[in-house]
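Notes for the structure review
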Amino acid sequence: VIIDLMGKLIHIFGQGLSDSFYPVPTAVRVGSAFEGWSPCAHNVVYCVLVALSPPPGHTFHLERDTAGMPQRSFCVPVELLCTCMREQPGEDMLCFLHHPEEELRRKQEPSLLDTLCTGSYLDVEKTVQWFCQFVRVAWLLLPQSRHWHLMLQPSSRSCTFQLSKEKEGFVAEMIFGVRQGDSDIFVGSQPSQAGIPSTTRLETYAVAEAKFFRHISRQAPQDSWHCRCLQLLSGSLMGVGLSSSTLKTVLMHLLSTVPLREWSRRDLGQRLMGILKYLHCSLKTKRLEHFVIGSESFPMEIRLPSDLRLAEPLKLFQHLASNPDAHVKAMQEYICLL
């Protein structure tokens, strides 16, 4: 239902915005629900990354933010391109750089710089507000609107909507990303710590990780229970401070070392204990490496920026090494999980 709805929404976006200069959206499925291990069967959130491409006459760049945040962050400067030499039939687009401003105002929709940017930077909050407003209008044009009730729950950095019909219900969260070159790494709008500027985006590895799970599923036997292991353990985290993303990182490391034929149902107990032992060892040594950044095990078929693949592996438990109280708390949380 969510995939079909997003496909139709993106199609209406393409039609309704064909004469404007808003970003061009594409939907990409990411997150636990689409990877096959969502821990909450009755409260699933389907996460969709809406990839934004520049409209005609514009280009996006990525500018690394060196403010010292633990996760790599970027701003997205928007620049205008000269379109005077465009020779595509049927197009009468005026050049934003070389046509008089008065003529541009009379004959052409405003540039992206005048709609969704703060200064010259693509603004996360303006983008989310724009997208949610369009969804409200586009929803009335969709056949699903006759049978489903849609309720939007926008936040400042993502767009969440709930679909309900009789006893059925779905929740989808949309985050907005800009691709790094031709790689599978994006800079996204996902919620983060308070105080982050609306022009700043955090690097997200959600698309690359989703592709990793699809890569494993193609190679694994049909009866593989690797996702079930993660689902069972993540479902046990209620009231425990450890995050499902930590368990997911541990699983991805083990999927690269334990033969895929050994993840069948009959191996379930052994694999669950293997994940817990790996986690315990990582907590004791205060060392757990990010699976994407600087990983030698990450499949070459999944495209990463060269600086990311060659980077020093990111240590996810670095804070435990510098904070003894946090380490004690993490060990207590592990005991609760065990």
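Residues numbered from 1 in each chain as written. Predicted model: local features only at pLDDT ≥ 70, side-chain atom pairs only at ≥ 80, totals over all residues. Heavy atoms only, no water.

1. Details of the overall build of the chain
Counting secondary structure elements, the chain contains 11 helices and 13 strands. Its C-alpha atoms give the chain a radius of gyration of 22 Å, near enough to 20 Å, the size a compact globule of 338 residues would have. Counting only C-alpha atoms, the chain reaches 70 × 50 × 35 Å along its principal axes. The 338 residues of the chain split such that 49% are buried. Of all intrachain contacts in the chain linking residues separated by at least 6 positions in sequence, the fraction that spans at least 24 positions is 61%. (Helix = DSSP H or I, 4+ residues; strand = E, 2+ residues; numbered from the N terminus. Rg over C-alpha atoms; globule rule 2.2 N^0.38 Å. Buried < 20%, exposed > 50% of the residue type's maximum accessible area, 1.4 Å probe, protein only. Contact = heavy atoms within 4.5 Å.)

2. Remarks on the packing of helix H7 (residues 244–255) against helix H8 (residues 268–285)
It is at 10 Å that the axes of H7 and H8 come closest, and there the two elements cross at 110°. What the angle tells us is that H7 and H8 run roughly perpendicular. Contact residues: H7 offers Thr 246, Leu 247, Val 250, Leu 251, His 253 and Leu 254, while H8 offers Gly 274, Ile 275, Tyr 278 and Leu 279. Residues of the contact of H7 with H8, tallied by class, amount to 7 nonpolar, 3 polar and no charged. (Axes fitted to C-alpha atoms, helices over the stretch in contact; angles between N-to-C directions. Parallel < 35°, antiparallel > 145°, perpendicular 65-115°, else oblique. Nonpolar A, V, L, I, M, F, W, Y, C, P; charged D, E, K, R; others polar.)

3. Comments concerning the nonpolar core
Phe 212, Trp 263, Ile 275 and Leu 279 are the most contacted members of the largest nonpolar core, which has 44 residues in total. Mapped onto this core, the elements with two or more residues apiece are helix H5 (206–219), helix H6 (226–235), H7, H8 and helix H11 (324–337). Every residue in contact with Trp 263, bar those within four places of it in the chain, is listed here: Asp 223, Ser 224, Trp 225, His 226, Cys 229, Leu 251, Leu 254, Leu 255, Val 258, Arg 271 and Ile 275. Judged by nonpolar contacts, the second largest core, of 40 residues, contains Leu 9, Val 50, Leu 112 and Val 128. (Core = buried A, V, L, I, M, F, W, Y, C linked by side-chain atoms within 4.5 Å.)

4. A closer look at the side chain of Glu 203
Relative to the assigned elements, Glu 203 resides in strand S13 (residues 200–204). A polar side-chain atom of Glu 203 sits 2.6 Å from a polar atom in the side chain of Gln 180. Ignoring anything within four residues of it in the chain, the contact list for Glu 203 reads Gln 71, Arg 72, Phe 74, Gln 180, Ile 185, Phe 186, Val 187, Gln 190 and Leu 308. (Polar contact = N/O pair within 3.5 Å; in protein donor to acceptor, adjacent residues only side chain to side chain.)

5. Section: H6
Looking at H6, one finds that the buried residues are His 226, Cys 227, Cys 229, Leu 230, Leu 233 and Ser 234. Down the axis, H6 shows its buried residues gathered within 155° of arc, on one side only. On its buried face, H6 sits against helix H2 (32–35), H5, H7, H8 and H11. (Arc of directions from axis to C-beta.)

6. Remarks on the pattern of salt bridges
Enumeration according to the criterion identifies 16 salt bridges in this entry. One salt bridge in this structure joins Arg 105 and Glu 101, with 3.8 Å as the shortest N-O distance. Of this pair, Arg 105 and Glu 101 both sit in helix H3 (residues 101–107), 4 residues apart, which is roughly one turn of the helix. Two residues, Lys 329 and Glu 333, come together in a salt bridge whose shortest N-O distance is 2.7 Å. Taken together, the residues Lys 329 and Glu 333, both in helix H11 and 4 residues apart, mark about one turn of the helix. Residue classification places Lys 329 among the partly exposed residues on the basis of a relative accessible area of 49%. By relative accessible area, Glu 333 is classed as buried at 12%. (Salt bridge = Lys/Arg side-chain N within 4 Å of Asp/Glu carboxyl O.)

7. What about the layout of surface pockets?
In this structure, the largest pocket occupies an estimated 1,400 Å³ of space. Secondary-structure elements contributing two or more residues to the lining of the largest pocket are H2, strand S2 (45–53), strand S11 (168–179), S13, H5, H7, helix H10 (318–322) and H11. No other element matches the 6 residues that H7 contributes to the lining of the largest pocket. When the residues that make up the lining of the largest pocket are grouped by side-chain class, the tally is 23 nonpolar, 17 polar and 8 charged. The residue makeup of the lining of the largest pocket includes at least three contributed by each of domain 1 (1–204) and domain 2 (220–336). (1 Å grid on protein atoms, 1.4 Å probe; cavity = no way out; pocket = protein on both sides within 12 Å on 5 of 7 lines; lining within 4 Å. Points joined across faces, edges and corners; volume = space filled by probe spheres on them. Domains from an automatic or database assignment.)

8. Focus on the environment of Arg 72
Secondary-structure assignment places Arg 72 in the loop between strand S4 (63–65) and strand S5 (73–75). Remark: the alpha-carbon pair of Arg 72 and Arg 201, spanning 129 residues in sequence, is separated by 8.8 Å. When residues no more than four places from it in sequence are discounted, the contact partners of Arg 72 are Arg 64, Gln 180, Arg 201, Leu 202, Glu 203, Asp 307 and Leu 308. At 3.4 Å, the side chain of Arg 72 forms a polar contact with the side chain of Asp 307.

9. Looking at the domain arrangement of the chain
Domain annotation of the chain identifies domain 1 (1–204) and domain 2 (220–336). The gap between the C-alpha centroids of domain 1 and domain 2 is 31 Å. Counting every contact that joins domain 1 to domain 2 gives 3 salt bridges. Between Arg 72 and Asp 307 there is a salt bridge, with its nearest N and O atoms 3.4 Å apart. Residues of the side of domain 1 that touches domain 2, tallied by class, amount to 3 nonpolar, 4 polar and 6 charged.

10. Description of the packing of H8 against H11
Interaxial distance between H8 and H11 falls to 10 Å at its minimum, and their mutual angle equals 165°. By the angle class used here, H8 and H11 are roughly antiparallel. Considering how the two elements wind past one another, H8 and H11 form a crossing that is left-handed. For the pair formed by H8 and H11, the contact residues are Leu 276, Lys 277, Leu 279, His 280, Leu 283 and Lys 284 on the first element and His 327, Ala 330, Met 331, Tyr 334 and Leu 337 on the second. Of the residues contributing to the contact of H8 with H11, the split by class is 7 nonpolar, 2 polar and 2 charged. (Left-handed = near helix turned anticlockwise from the far one by under 90°.)

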